[in-house]
Amino acid sequence: MSVRVGVIGLGMGKYHARAYQACKDAELVALCDLDEERLQQMHAQYPQARIYTDYREMFADGGLDAVSVAVPNYLHAEVSIAAMRAGLHVLCEKPMALNSAQAEEMLRVSQETGRKLMIHLNYRFCTASQFLKRHVEEGHLGRIYYAQTRWLRARGIPWRGWFSRKELSGGGPLIDLGVHRLDLALWLMGYPRPLTVSASAFGSLGARLAEEKGVPYDVEDLVAAHIRLEGGIAMTLEVSWAGGTDKREEMHTGIYGVQGAAILRNRNEGYDFEALALQDVAGHLTALEPRVFPPSSTAIDHFVACILEDRAPEPSASQGLFLMRLIEAIYRSAEREREIALSWQD
Ligand SMILES: NC(=O)c1ccc[n+]([C@@H]2O[C@H](COP(=O)([O-])OP(=O)(O)OC[C@H]3O[C@@H](n4cnc5c(N)ncnc54)[C@H](O)[C@@H]3O)[C@@H](O)[C@H]2O)c1
């Protein structure tokens, strides 16, 4: 038996389509995009798939078990909810939604309909990330007390129009890139709850670069945050689309414990990752197995396997919502220029 899938939104969605096509347990049966040219190009590649410009028609035609939702952020909630109500399991791109209210509604509909809702925080699935997760879970770090996580770009604003308009994207590099780096750091540590956040956000460089291009821009271009987590852990976060580094892409997540550390970073300013599993050996922080891994992702395989085996997929909708709440608190702290306390009732 295989899972019949459709992909909605064929920018990032083309990587979903490729991964479904490569997955032995999935069948790519439908593609949807408003952009006819993109749709035709993808159809030439996957002629077996039915094509649509309206996702509602795609759902109404049936013959689907699941969809990937890879449309701009402002449509994540609307399309995911419509899909779940049509009886489909959903793999939704990050960030889960524009804000926590939308994310809560998505989680509620998933529970009500019994449909699976996974968030595509795909950096967890890199072999380098998986290797470090094992290193942490095996207890090599001892008590964890500090984490640093960042994704900085010298000049890397996505000039697609909707990314830099808050009402369409929910924000700038914090919601776009920060959501990945927050998830990675929290996931490596077992998702401790944030207690307080103190953050600053800046946007004038992005606004100036956007003006030169004639693109609307009302989001931040750089955020720096200090986050206190339960268990006496502190975390720093730095994200930028412009400024803060001289590198094209700089990604770094480090988790520090009293006996060792786990460091995940990109190489050559690109998407190859290096994992350092470090341990204190006679007073020296020694890399146990320094290894470099090629980029890889099995998020799609995991989603498909969870449907076939009726398991709960991760990153879960609850974790997606958790991240939306944290991101909102970071924005709120930056706006009010003071520390914000988070409360977690559920
Ligand atoms: N996980 C990752 O690493 C990663 C990387 C890039 C983008 N993303 C996410 O993927 C999503 C899309 O980003 P992108 O870079 O592909 O943006 P994009 O603008 O390049 O592509 C979005 C596509 O959605 C289509 N679309 C818009 N409205 C639609 C509708 N109502 N029905 C069908 N199609 C519609 C557009 O025509 C376009 O082809 C965003 O949420 C983004 O955050 C995730």
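Everything quoted here is computed from the prediction, not taken from an experiment. (Residues numbered from 1 in each chain as written. Predicted model: local features only at pLDDT ≥ 70, side-chain atom pairs only at ≥ 80, totals over all residues. Heavy atoms only, no water.)

Q: Hey, could you go over the site of the ligand for me, with residue numbers and the actual values?
A: Taken together, 24 residues form the shell around the ligand, and within it Met-12, Asp-33, Arg-38, Asn-73 and Arg-160 come nearest. In the environment of the ligand, an oxygen atom lies 2.6 Å from a nitrogen or oxygen atom belonging to the side chain of Asp-33. Within the contact set of the ligand, an oxygen atom lies 2.8 Å away from a side-chain nitrogen or oxygen of His-76. Starting from 850 Å² of accessible surface for the ligand in isolation, the protein chains cover 87%. Residues that form the shell around the ligand fall into these classes: eleven nonpolar, seven polar and six charged. Split by domain, the shell around the ligand shows at least three residues from each of two domains, domain 1 (3-120) and domain 2 (124-297). (Near = heavy atom within 4 Å. Polar contact = N/O pair within 3.5 Å; in protein donor to acceptor, adjacent residues only side chain to side chain. Areas by Shrake-Rupley, 256 points an atom, 1.4 Å probe, with all protein chains shown as cover. Nonpolar A, V, L, I, M, F, W, Y, C, P; charged D, E, K, R; others polar. Domains from an automatic or database assignment.)

Q: Kindly report on the packing of aromatic side chains, identifying the contributing residues and their values.
A: A full pass over the atoms with the stated rule returns nine aromatic pairs. With a centroid separation of 5.6 Å and an interplanar angle of 80°, the aromatic rings of Tyr-123 and Trp-151 are classed as edge-to-face. Of this pair, Tyr-123 sits in the loop between strand S6 (117-120) and helix H6 (127-137) while Trp-151 sits in strand S7 (residues 144-152), and the two are 28 residues apart along the sequence. Of the two residues, Tyr-123 and Trp-151, neither departs from the other in class, the shared state being buried. Cluster of aromatic residues (ring-pair linked, three or more members): Tyr-123, Trp-151, Tyr-271 and Phe-273. When the ring centre of Tyr-331 is taken as origin, the NZ or CZ atom of Lys-166, which lies over that ring, is 4.1 Å away. (Phe/Tyr/Trp six-rings, centres within 6.5 Å; stacked < 30°, edge-to-face > 60°. Helix = DSSP H or I, 4+ residues; strand = E, 2+ residues; numbered from the N terminus. Buried < 20%, exposed > 50% of the residue type's maximum accessible area, 1.4 Å probe, protein only. Lys NZ or Arg CZ within 6 Å of the ring centre and 35° of its normal.)

Q: Describe the domain arrangement of the protein chain, listing the residues and the values that go with them.
A: A common way to state how big an interface is: give the accessible area lost once the parts meet. Assigned domains within the protein chain: domain 1 (3-120) and domain 2 (124-297). Computed over C-alpha atoms, the centres of domain 1 and domain 2 are 27 Å apart. Across the contact, nine residues belong to domain 1 and ten residues belong to domain 2. Roughly 790 Å² is buried in total at the junction of domain 1 and domain 2, and carbon and sulfur atoms are behind 65% of that figure. Sorting the residues of domain 1 by area buried against domain 2 places Asn-73, Lys-94 and Leu-98 first, and these three jointly supply 51% of that buried surface. Applying the counting rule to domain 1 against domain 2 returns one salt bridge. A salt bridge links Lys-94 to Asp-176; its shortest N-O distance comes to 2.8 Å. Across the domain 1-domain 2 interface, the total number found is three residue pairs in polar contact (both at pLDDT 80 or more). For the side of domain 1 that touches domain 2, the residue count by class is six nonpolar, two polar and one charged. (Contact = heavy atoms within 4.5 Å. Buried area = accessible area lost by both parts, 1.4 Å probe. Salt bridge = Lys/Arg side-chain N within 4 Å of Asp/Glu carboxyl O.)

Q: Kindly report on the pattern of salt bridges, identifying the contributing residues and their values.
A: Under the counting rule described, the total for this entry stands at 20 salt bridges. Linking Glu-137 and Lys-133 is a salt bridge whose minimum nitrogen-to-oxygen distance equals 3.4 Å. With Glu-137 and Lys-133 both in helix H6, this residue pair falls four residues apart, about one helical turn. Overall, Glu-137 belongs to the exposed group, its relative accessible area being 57%. Salt bridges here are not isolated pairs; linked through shared partners, they connect Arg-85, Glu-105, Arg-108 and Glu-112.

Q: For the side chain of Ser-240, give the residues involved together with the corresponding values.
A: Its place among the elements puts Ser-240 in strand S10 (residues 233-240). At 3.1 Å, the side chain of Ser-240 and the backbone nitrogen of Arg-153 are in polar contact. Separated by 2.6 Å, the side chain of Ser-240 and the backbone oxygen of Gly-243 make a polar contact. Setting aside residues up to four positions removed in sequence, Ser-240 forms contacts with Trp-151, Leu-152, Arg-153, Pro-173, Leu-177, Asp-221 and Leu-222.

Q: Describe the nonpolar core, and please don't skip the residues or the numbers.
A: In terms of nonpolar packing, the biggest core is built from 93 residues, with Val-67, Ile-227 and Ile-330 touching the most fellow members. When residues in this core are grouped by element, the largest group, eleven residues, is from helix H11 (residues 317-336). The two domains that each donate at least three residues to this core are domain 1 (3-120) and domain 2 (124-297). Apart from residues lying up to four places away in sequence, Ile-330 is in contact with Leu-174, Leu-182, Val-197, Ala-199, Val-223, Ala-225, Ile-227 and Leu-237. With 23 residues, the next largest nonpolar core counts Val-3, Tyr-20, Leu-28 and Val-304 among its residues. (Core = buried A, V, L, I, M, F, W, Y, C linked by side-chain atoms within 4.5 Å.)

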